[in-house]
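Structural overview
Listed here are the chains, written in short residue letters.
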Amino acid sequence: MSLPEFHTSGSGFFGLCAGGVDYLADLLQPLAGTAATAAAIVVLTACVRLLLLPLSRTAARGQRERAGLAPEIAALRRKYAKNPERMQRALTELHAEHGVSPLGGCLPMLCQLPFFFVLYHVFSSSRIGGEPNHLLPHRLFAAPLGDHWGDALAHGGPFGERGLVYVALFALVAAVATFTVRRNKRQLAGADTPLAAAGGQQVPGVGALTRFMPYMAYFTLISVAVVPLAGALYIVTSTTWSAVERAVLYRERGTAAEDAGEATGKGKVKKDAGEGEAVAA
């Protein structure tokens with residue numbers, strides 16, 4: 001079987017990107033049929049996340065290192081509770097000393113933004129490079145990839161042919177969000193106590209923020225509803241990837257913590273035994 005010809009969809013950068021999506025859709029046509037363009041978006045999203053996997057692992061390792069610094073950070077916050085500027089300098093010096101960046105976990109997410117913006121532009125513009133955008137009519141089942149949830153509601157309602165596509169996406173996002181919320185709750189339950197101010201009192205608002213943070217995963221439902229269907233496919237695929245990826249990395253982190261705990265426990269036992277022998281002597 002010969003490979004399809006590559007052709008740009010108009011001139012310029014976005015025309016080249018649209019041509020790339022169209023080319024991959026042609027390759028997937030024998031497998032995905034009329035949903036080939038939707039499948040191409042899923043495959044491209046998976047490729048982007050795979051390329052960012054080293055950054056995600058680095059971010060997870062940085063999170064482990066930041067967790068290890070929690071006792072020292074808490075001590076600095078108590079020590080400089082009345083001097084915020086000095087406390088900030090001390091925290092910066094501590095992070096620099098251990099080679100830890102507080103914003104390191106944001107890098108994988110920021111690196112995805114260019115791809116999402118390109119995809120959003122390609123499937124929300126009626127013309128690309130001066131030519132009509134022929135990708136917009138491509139469909140996932142009955143729903144055009146350039147349409148929004150509002151368009152599906154206007155053509156058959158929430159349970160029409162187009163609406164059912166969004167029902168399936170919402171159900172998948174809700175399932176992934178529920179999984180993420182439960183994992184985040186377990187993670188927060190095992191974390192250290194919230195930031196403390198002078199006198200050991202909790203910083204105002206931190207407790208409420210801590211309780212609210214796990215539920216932020218459900219905001220993905222709003223994103224799926226307001227972006228074009230092509231963008232929604234990207235969000236659903238990337239969110240699902242993130243949930244699985246974080247679960248694996250968190251499991252690795254838990255294993256490492258258990259190993260460290262076991263080593264600490266063994267050291268403590270040996271120390272206690274040594275002290276007992278000294279007392280006996």
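A short tour of the structure in this document, coming up. (Residues numbered from 1 in each chain as written. Predicted model: local features only at pLDDT ≥ 70, side-chain atom pairs only at ≥ 80, totals over all residues. Heavy atoms only, no water.)

Details of helix H5 (residues 84–97)
- For H5, built from 14 residues, the straight-helix expectation of 20 Å at 1.5 Å per residue is met to within 8% by its first-to-last C-alpha distance of 20 Å.
- Considered for burial, the residues of H5 that qualify are Met-87, Ala-90, Leu-91, Leu-94 and His-95. Buried residues of H5 fall within an arc of 135 degrees about the axis and therefore sit on the same side. Of the exposed residues in H5, those oriented more than 90 degrees away from the buried face are Glu-85, Ala-96 and Glu-97.
- Residues of H5 that are buried sit in contact with helix H4 (70–79). (Helix = DSSP H or I, 4+ residues; strand = E, 2+ residues; numbered from the N terminus. Expected span 1.5 Å × (residues − 1). Buried < 20%, exposed > 50% of the residue type's maximum accessible area, 1.4 Å probe, protein only. Arc of directions from axis to C-beta. Contact = heavy atoms within 4.5 Å.)

Some details on the environment of Ala-38
- Looking at the element boundaries, Ala-38 is found in helix H2 (residues 36–51).
- The buried category is assigned to Ala-38, whose relative accessible area is 4%.
- Separated by 10 residues in the primary sequence, Ala-38 and Leu-28 place their C-alpha atoms 9.8 Å from one another.
- Those residues in contact with Ala-38 that lie beyond four places of it in its chain are Leu-140, Leu-145 and Leu-233.

Regarding unusual backbone geometry
- Despite not being glycine, Phe-141 shows a phi value in the positive range, around 60 degrees.
- In this structure, Phe-141 sits in the loop between strand E3 (139–140) and strand E4 (143–144).
- Relative accessible area serves as the criterion here: at 68%, Phe-141 is assigned to the exposed category.

With respect to the nonpolar core
- Among the nonpolar cores identified, the biggest contains 31 residues, and Phe-123, Leu-140, Leu-145, Val-224 and Leu-229 are the most heavily contacted of them.
- Breaking this core down by element, the ones donating at least two residues are helix H1 (12–32), H2, helix H6 (107–122), helix H8 (161–189), helix H10 (220–226) and helix H11 (229–280).
- Residue contributions to this core peak at seven residues, all from H11.
- Ignoring any residue separated from it by four or fewer positions in sequence, one finds Val-224 in contact with Tyr-166, Leu-169, Phe-170, Val-173, Ala-232, Ile-235 and Val-236.
- Leu-69, Ile-73, Met-87 and Leu-94 belong to the second-largest nonpolar core, a separate cluster that totals nine residues. (Core = buried A, V, L, I, M, F, W, Y, C linked by side-chain atoms within 4.5 Å.)

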